[in-house]
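Chain by chain, the residues:
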Amino acid sequence: MISVQRRSGSSLSWNVACYSAAMICAFLTSAALLAFSGGDPAKAFSALLTGAFGSQNALYGSLAKATPLLLVGLGTVIAFRAKIWNIGQEGQVFAGAMAAYWMSLWVAPLPYWLAWLLIAIAGLVGGGVLGLLAGYLKVRFGTSEVISTVMLNYIVIYILAYLLDGGPWMESGLTVAYHQSSPVNPLLEWPILLGQGSGKMHIGFILALAAAAFCAVLLEKTSLGYEIRAFGSNPTALRFRGTNIRRLLLVVMLLSGALAGLAGAGELFGTSHRLRAETLLGIGSSGIVVAMVGGLRPSGVMLAALFFGALKSGAIYMRLKSGTPAGLVSAMEGLVLLFFLCAAVATKLQLVRVEEKVHA
Amino acid sequence: MVRPVVVEELLKVQNLTKRFGAVAANDGVSLDVRKGEIHCLFGENGAGKSTLSACLYGYYRADSGEIVFKGKTAELNSPADALRLGIGMVHQHFVLVSNFTVLENIIVGSSDVGVFLNKSEARRKVVALCQECGIDIDLDREIWQLSVGEQQWVEILKALYFGAELLILDEPTAVLTPQQSDQLFRIISGMRSRGLSIILISHKLREVMQSDRVTILRKGKVVATVETAGSTAEAITALMVGHKVTKHVRDRTVTPAGDFLSVRNVCAKGDWAEDVLKDVSFDIAKHEVLGLAGVAGNGQKELFEVLMGVRAASSGGFSLDGEAIVAPTSREMLDRGVGFVPDDRFREGLIPEFGTAENLVLGWQRAPEYRRGPFLDRRKLGVLARKKIEEFKVVTASAELPVERLSGGNAQRVILAREFLHARGLLLANQPTRGLDVAASEFVYEKILEKRAAGFAVLLASEELDDLLRLCDRIAVIFKGRIMGIVRPEETSLLDLGMMMAGDAKEPERTVQ
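The rules behind the values
- Residues numbered from 1 in each chain as written.
- Chains lettered and ligands numbered in written order.
- Predicted model: local features only at pLDDT ≥ 70, side-chain atom pairs only at ≥ 80, totals over all residues.
- Heavy atoms only, no water.
- UniProt positions renumbered as here; feature names shortened; annotations may be inferred.
- Contact = heavy atoms within 4.5 Å.
- Buried area = accessible area lost by both parts, 1.4 Å probe.
- Salt bridge = Lys/Arg side-chain N within 4 Å of Asp/Glu carboxyl O.
- Polar contact = N/O pair within 3.5 Å; in protein donor to acceptor, adjacent residues only side chain to side chain.
- Helix = DSSP H or I, 4+ residues; strand = E, 2+ residues; numbered from the N terminus.
- Nonpolar A, V, L, I, M, F, W, Y, C, P; charged D, E, K, R; others polar.
- Pairing = 2+ DSSP bridges.
- Axes fitted to C-alpha atoms, helices over the stretch in contact; angles between N-to-C directions.
- Buried < 20%, exposed > 50% of the residue type's maximum accessible area, 1.4 Å probe, protein only.
- Phe/Tyr/Trp six-rings, centres within 6.5 Å; stacked < 30°, edge-to-face > 60°.
- Lys NZ or Arg CZ within 6 Å of the ring centre and 35° of its normal.

An unreviewed UniProt entry annotates chain A as Simple sugar transport system permease protein of Aminobacter niigataensis. Quoted straight from UniProt, the Subcellular location (unreviewed entry) entry for chain A says "Cell membrane".

Listed below in C-alpha cells is the structure:
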C-alpha cells in the first residue's frame, strides 16, 4: 500500500518533478481546450512559440510583456510574504499610470533625466498611496484588505473613466468613444533599449530586474525583511517583541502598491504611450498569478514573469495566425496557476510504501 | 485441572511502533490495562505518551503492532472506531459547546439521538451515571457557567454516556486547583470501583502515586511497568529520566534587597472590556523571585501583558528601578532590559517558521550588534545560535530548522536563551515550565535561580505549587484579577495556597514587606 505523508525536508529532484508535471498537465489541458474550441493545437502552439521566441523582436516583445508582470509580481510577493492579502494590484497599476501621466503634464520643461525620474517617482507614489490607503483602513478600522483593495480597484478605474470620457484628460478633438488620452509628450517616452516595430523593450525591464534584486535582498537580508516574514508567520509574537506592527503593515502596503504603480507608469511611458484602460487591464491580476506561480520568491517570480510575458506576447501572434479566441489565453494562464498551486502542495508531500497489516 | 488465576485484561498493546519520519515516537511499546484499574502513563516530554494515546484513540494509525481490546484485535482508524468499541478520551482542551446545557453537551452526537432529542430518556441515563460516579452537577446549566473542573466532569460524563469502558485522561489536572484535582481523583476512583479502566497521562508524581500501576516511557520505549503500591516516587522518577534529578532550591544566603519593580493599584480590562485586573499592587526586589500562584485565567496573563507594555492599564501603574513607566510599549520594556517568557510560547514568543538563529534575535532584529550596515549579520547569528543551542541543550537538526518543528521543551529553551541573553534586571516568566517534564523544568528553574543570584528581580507565575514553594522568596496569590495575599513559603502550606487560589477570603497571615 502506498500512503501519502508530509515530507520533512524538501528535495530538489522532487520539486523539479512536481513542477514539470504541472507544466505538462497545463500544456495537455490547454491543448484539449484548443481542440474543443475547434482549433488545431499543434498549429496554435507553434504559432504561440513563434510569437514569443520566433525572432529577436518577438523575444524583446516578450520581455516587454514580462516587465509589468514582474513588477506587480514583486509587489505581491512583499505583501503576501507578510500574509497581507493585497489584491488591489489592478487599481494600483492604474493609479501609478495616472499619477505618472499627471506628472508628465508638468515636467516637460525640465531636463530629460529629471523629468524621467519625477515620472517614475510619481508612478511609485500613485500606486503606493493607494496601497497605503487600504493599509490605513485596516489599521484604523480593521477593514479587511481583501475587500478594501478590490473595492479601491473599482473606484480608481471609474475615476480614470471620468477623466477620459469627457473629463480633463480626454484626447482633444475626438469624441468620447475612444476612451483615451492624448499621446504623452514624445520627449518624455521611456527609452527603448532593444528592438523595433512591434517588439520593443524599454528601460522598465532593467528597472524591474533591479526591483527583483532589491526585493530579494530586502526580504532575506534586512531587518525590515525579517519583520515582513515574521509578520507573515506570527504577527502576535512580533507585536509582543517590540515591533510596531501597524506601522509595518503600512510600510508593506506602501511598498507593494508602489511596485504595482511603477508597472503602470512603465507600461504607459514605455509601451502604450497613451493613457487607456484597456492597455492596463489585467496586468494586476496576471501579476498576482505570476507571484503565486513564482512561489512568492523574487527569483521564482522572475522566471514566472518571463514565462507569462512570453505567453501573452505569443498569444497575440497565435490569435492572428490560428484564429484561436482571445479568452483561451486567460484560460491557459489560469490552468498554469491551478497546476502550479497543486504542484506547490505536492512538493510538501511524499509517497511512502507502507507494509500491509496482516490480520490473524 | 488447575486453572491459572486470570487477571482480566481489557486492553493489550503488543509491540506498537509509530514513526514520524526517522523518529520512532513509539518503538515496540507493549502494555496491558486491566479491568477496573487506574493505569498511569508516565514519562518526559517526547517520551511518546501522547502518541501512544493518540494511537489508542484512533487519531494515528500505528505503523506496526497490535491493539487488542476485550480479547479482539481492534481496527482503530478514527476516534469514531474507538468510541464504538468503548474507548473514550478527555483532552486537555475541552470540546464543549459553551452555550449548550450540560445535558445537551453530553448527548450531542450520540447514536441514539434521532431527529428529535429525547431528553427525558437521556436525562435518566445521565443522572444514573452521575450517581454511579459521585458527580454532583446541575444538568441544566450552560457550559459557560461552569468552573473548569466541572467542565471536565462533563467531558468525562460524555465519554461514559457513549459507553466508554476505557477512559483516557490526558494530563487532566493541568488546569485544576489542588482541591479540584482531589475531587477529580475521587471521581476516578469511583469509576474504578464500577469496573471502568482509566489510562491517566501525567507527569506529576503526586498523581502517578494514586494509580494502581504505572507504565514508564522513555524515548518511545517502555522502561517498566510497576505496581505503584510496591514502589516509591523516587524510584519511578529515576526510571523515567534514567538518572537522578536534583531539585533546585533558592539560595537562602542571598537575600532580596532594594525594590526594583513596584506595581501600584493596577487595574486593566480584558479583550471584552471585562475587568481582569483589580487594584494589583506588589513589589519585587533585586535578588528576589516573587511567585504568582493562581488557576489559569485569573488575570496572570493580563498582568504580564501590562508589565510588558502590550496591554494598557486602565488605572494605576508601575515603576522600574525607581523610574515611573508611563504608557509603555513592548519596545520600551525590551529596551529597559525586561526579559519575558510568555505562557503561550508558540503564539507570543516565537516565529514558528523561523529557525533558532532568527528567533534568538526576535525583538532585537534592529539592534546594531546584530547588523552589518543595513543587513542582518547572518554569520554572527549563526555563531550565536550554535553557542546557545549548545549552552541550552536545544535538540534541533540545525540552527535554521523552523522552531515549529521543535518539541515544546526545546522551543522553550530557545525563548529562555533569548531572554537570558538580553534581559538586564527584570525577568517576567509566565508558566515557564508548562508542559515540560521534570528534567526540563529543573533546567528552567536552575537558570531562573542563576538570574536571582545575579541580582535580577523575577516574577514567576506557575501552577506547580510545590515548585513555587521551594523557589520563591514570596508568593502572591491571584484570584479573579485580585491579589488575595502575599505569603512567605516557610510560613504557608499547599493547602493555604489552594484555599487562596479558590478565592477564599480567609487569608493566612498577610506578610507585608
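From this point on, the discussion continues.
Asks: Would you explain the interface of chain A and chain B in this entry?
Replies: How big an interface is tends to be reported as the loss of accessible area on association of its parts. The partner chain B presents 35 residues to the 25 residues of chain A that form the contact. Each partner contributes to the roughly 2700 Å² buried at the junction of chain A and chain B, and carbon and sulfur atoms together form 49% of this total. Counting every contact that joins chain A to chain B gives four salt bridges. Where B:R366 meets A:E227, a salt bridge forms, and the shortest distance between an N and an O atom there is 2.7 Å. Put simply, chain A and chain B have 20 residue pairs in polar contact (both at pLDDT 80 or more) between them. Among the secondary structure elements, those contributing two or more residues to the side of chain A that touches chain B are α7 (204-221), α8 (223-233) and α9 (235-240) of chain A. Among the elements that line the side of chain A that touches chain B, the one with the most residues is α8(A), at seven residues. Across the side of chain A that touches chain B, the residue classes tally to seven nonpolar, ten polar and eight charged.

Asks: Before we go on, may I ask you to explain the sheet that holds strand β4 (residues 64-69) of chain B in this structure?
Replies: One key point about sheets: their strands pair by backbone hydrogen bonds, in either a parallel or an antiparallel sense. Residues and elements named next belong to chain B. The strand order across the open sheet formed by four strands is β2-β1-β4-β5, and the pairing between neighbours is antiparallel. Only two strands of the sheet have a single neighbouring strand rather than two, namely β2 (23-34) and β5 (72-73). Most of the contacts of helix α1 (residues 49-56) go to strand β1 (residues 9-20), to which it runs at about 120°, and overall it touches β1, β2 and β4.

Asks: Which parts of the structure should I look at to understand the pairing of strand β21 (residues 474-479) of chain B?
Replies: For a regular strand, the rule is simple: side chains alternate between the two faces of the sheet. Residues and elements named next belong to chain B. Counting buried positions along β21 yields six of six residues, so the element is predominantly enclosed. Both faces of β21 are covered, namely the face carrying R474, A476 and I478 and the face carrying I475, V477 and F479. Pairing of strand β13 (residues 288-293) with β21 involves four bridges; the strand directions are parallel. If you follow L290 over to β21, its bridge partner there is R474. Counted between consecutive antiparallel strands, the loop separating β21 from strand β22 (residues 482-487) contains two residues, among which K480 sits at a positive phi close to 45°.

Asks: I'm lost on the packing of aromatic side chains in this one. Help?
Replies: Any two aromatic rings considered together are summarised by their centre-to-centre distance and by the angle between their planes. Within the structure shown, the criterion is met by 14 aromatic pairs over all chains. Seen from their ring centres, A:Y226 and B:F354 are 5.1 Å apart, and the 65° between their planes marks the pair as edge-to-face. In this pair, A:Y226 is assigned in helix α8 and B:F354 in the loop between α11 (345-349) and α12 (356-359), connecting two distinct chains. Looking at B:K125, its charged tip hangs above the ring of B:Y161, at a distance of 4.5 Å from the centre.

Asks: Just checking my understanding: could you explain α1(B) for this structure?
Replies: Counting along an α-helix, one turn takes 3.6 residues, and residues three or four places apart therefore face a common direction. Taken across its eight residues, α1(B) has seven buried, putting it largely inside the fold. At the C-terminal side of α1(B), B:G58 shows a positive phi close to 85°.

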